[in-house]
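A look at the structure
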Amino acid sequence: MLTSTKNPLVKQLRSLSESAKDRKEQGLFLVEGTHALIEAIATAYPLSIVCCTEKWIAVNPDLYEQITTIDEIKRLEIVSEDVLQAIATTKNPDGVIAAALMPSRKIAQIQSLGLALETIQDPGNIGAIVRSAVAVGIDGMLVSSDSVDLTNPKIIRATAGQWFRCAMQTSTDIADDIRKLQAQGVKVIATLANATKTYWDYDFTQPTLILLGNEGNGLSQELIELADEAVSIPQSDRVESLNVAICAALLLYEAKRQRS
């Protein structure tokens, strides 16, 4: 059993939670908690390191046995509660933390319904958007490179394990990627507070990419001008704006309603 919080493995894994640069250099990111681990295994996502406590093994013997059979896992460590706490980014970890390989850079194939997120800074927002996206069943999601890093541990946690079921791509030139989708026949809609057309009036049965912008500033003028149409979300005059994750859920579920 690994009991020293000064062990190099602790420092290595802890750095994955603190720095996108370290995640990139190591080619790994943190997966915290039983539920996230189950989803990673269920989707055959490649894991490299797994650390768990004896108490966790006693509660999850079948899952632990399954982990021991995964050839891709290079290191499986039983650790003390103190060591796990030293690695974790949460106050009350449930007994298991893993390190997974960084996602591949393959292009998200958006043919029917997708999202494009521009300069989203709150990992909780992206996590909530991912949950809605998976629930609705979108093809994929483009995320601008100036948004919060997609392997941020707070995003992984906020998705409740659904991170592994959503095709996501960090885009270094999101405008260009949007143009390519338009050339393939995908209609692009911008969400604007002053748009005269509401999202209820848009025809979501056609191939559609939904644009969502920064929490404070919304979409850039460049993406607004790229959009084929703009829609608004009706709301009381007493409310200035809605949370971007709420906006995403409303539009996605309207698309699902129409397509049903």
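For the structure itself, look to the data block above.
Presented here is an overview of the structure given in this document.

Procedures and definitions
- Residues numbered from 1 in each chain as written.
- Predicted model: local features only at pLDDT ≥ 70, side-chain atom pairs only at ≥ 80, totals over all residues.
- Heavy atoms only, no water.
- Helix = DSSP H or I, 4+ residues; strand = E, 2+ residues; numbered from the N terminus.
- Buried < 20%, exposed > 50% of the residue type's maximum accessible area, 1.4 Å probe, protein only.
- Contact = heavy atoms within 4.5 Å.
- Areas by Shrake-Rupley, 256 points an atom, 1.4 Å probe, with all protein chains shown as cover.
- Core = buried A, V, L, I, M, F, W, Y, C linked by side-chain atoms within 4.5 Å.
- Pairing = 2+ DSSP bridges.
- Axes fitted to C-alpha atoms, helices over the stretch in contact; angles between N-to-C directions.
- Salt bridge = Lys/Arg side-chain N within 4 Å of Asp/Glu carboxyl O.
- 1 Å grid on protein atoms, 1.4 Å probe; cavity = no way out; pocket = protein on both sides within 12 Å on 5 of 7 lines; lining within 4 Å.
- Points joined across faces, edges and corners; volume = space filled by probe spheres on them.
- Phe/Tyr/Trp six-rings, centres within 6.5 Å; stacked < 30°, edge-to-face > 60°.
- Expected span 1.5 Å × (residues − 1).
- Polar contact = N/O pair within 3.5 Å; in protein donor to acceptor, adjacent residues only side chain to side chain.

**Description of the overall build of the chain**
- Within the chain one finds eleven helices and ten strands.
- Each principal axis of the C-alpha atoms in the chain carries an extent, and together these give about 65 × 35 × 30 Å.
- Put simply, the chain has 260 residues, and 49% of those count as buried.
- Contacts in the chain between residues at least 24 apart in sequence constitute 78% of all its contacts with a sequence separation of at least 6.
- Per element, the accessible surface of the chain, about 12,900 Å² overall, is 47% carbon and sulfur.

**Description of the nonpolar core**
- Leu37, Trp56, Leu115, Leu117, Ile126, Met141 and Ile210 are the most contacted members of the largest nonpolar core, which has 54 residues in total.
- Looking at which element gives the most residues to this core, the answer is helix α11 (residues 244-259), with seven residues.
- Excluding residues that lie within four positions of it along the chain, Leu117 makes contacts with Ile126, Ile129, Met141, Leu142, Val143, Ser144, Ser147, Ile174 and Leu212.
- Judged by nonpolar contacts, the second largest core, of 18 residues, contains Leu142, Leu219, Leu223 and Ala227.

**Some words on the sheet that holds strand β8 (residues 187-191)**
- Strands sit in the order β7-β6-β5-β9-β8-β10 across an open sheet of six strands; the sheet is parallel. Across the chains shown, the open sheet's two edge strands, defined by having one partner strand only, are β7 (168-171) and β10 (229-231). Pairs of neighbouring strands in the sheet enclose a mean axial angle of 25°, with direction left out of account.
- As judged from the four bridges shared by β8 and strand β9 (residues 208-212), these two strands associate in the parallel manner. Counted as the bridge partner of Ala190 is Leu211 from β9.
- Strands in contact with helix α9 (residues 174-183) are β5 (113-117), β6 (140-144), β7, β8 and β9; relative to β6, the strand with the most contacts, it is inclined by about 150°.
- Against the sheet, α11 makes contact with β5, β8, β9 and β10, and its axis sits at roughly 165° relative to β9, the strand it touches most.

**Here we look at the pattern of salt bridges**
- Per the counting criterion, the structure on display carries nine salt bridges.
- Its salt-bridge partner being Arg157, residue Glu32 comes within 3.6 Å of it at the nearest N-O pair. Pair noted here: Glu32 is in strand β1 (residues 28-32) and Arg157 is in helix α8 (residues 153-158), with a separation of 125 residues, a long-range link.

**Things to note about the layout of surface pockets**
- The computed volume of the second largest pocket comes to approximately 580 Å³.
- Surrounding the second largest pocket, 23 residues form its lining, Thr191, Ala193, Gly218, Ser241 and Leu242 being those nearest its centre.

**Considering the packing of aromatic side chains**
- In total, this model carries seven aromatic pairs according to the counting rule given.
- Taking the centre distance of 5.1 Å and the plane angle of 75° together, the rings of Trp163 and Phe164 count as edge-to-face.
- Looking at Trp163, the relative accessible area reads 4%, which means it is buried.
- Aromatic rings pair up to connect Phe29, Tyr45, Trp163 and Phe164 into one cluster.

**A closer look at helix α7 (residues 123-136)**
- End to end, α7 covers 20 Å across 14 residues, agreeing with the expected 20 Å (1.5 Å per residue, within 8%).
- Within α7 the residues assigned to the buried category are Pro123, Asn125, Ile126, Gly127, Ile129, Val130, Ser132, Ala133 and Val136.
- Where α7 begins, the capping side chain belongs to Asp122, and its oxygen is found 2.8 Å from the backbone nitrogen of Gly124.
- Directly beyond the C-terminal end of α7, a positive phi value near 90° is found at Gly137.

By themselves, these are just geometric observations and shouldn't be taken as functional.
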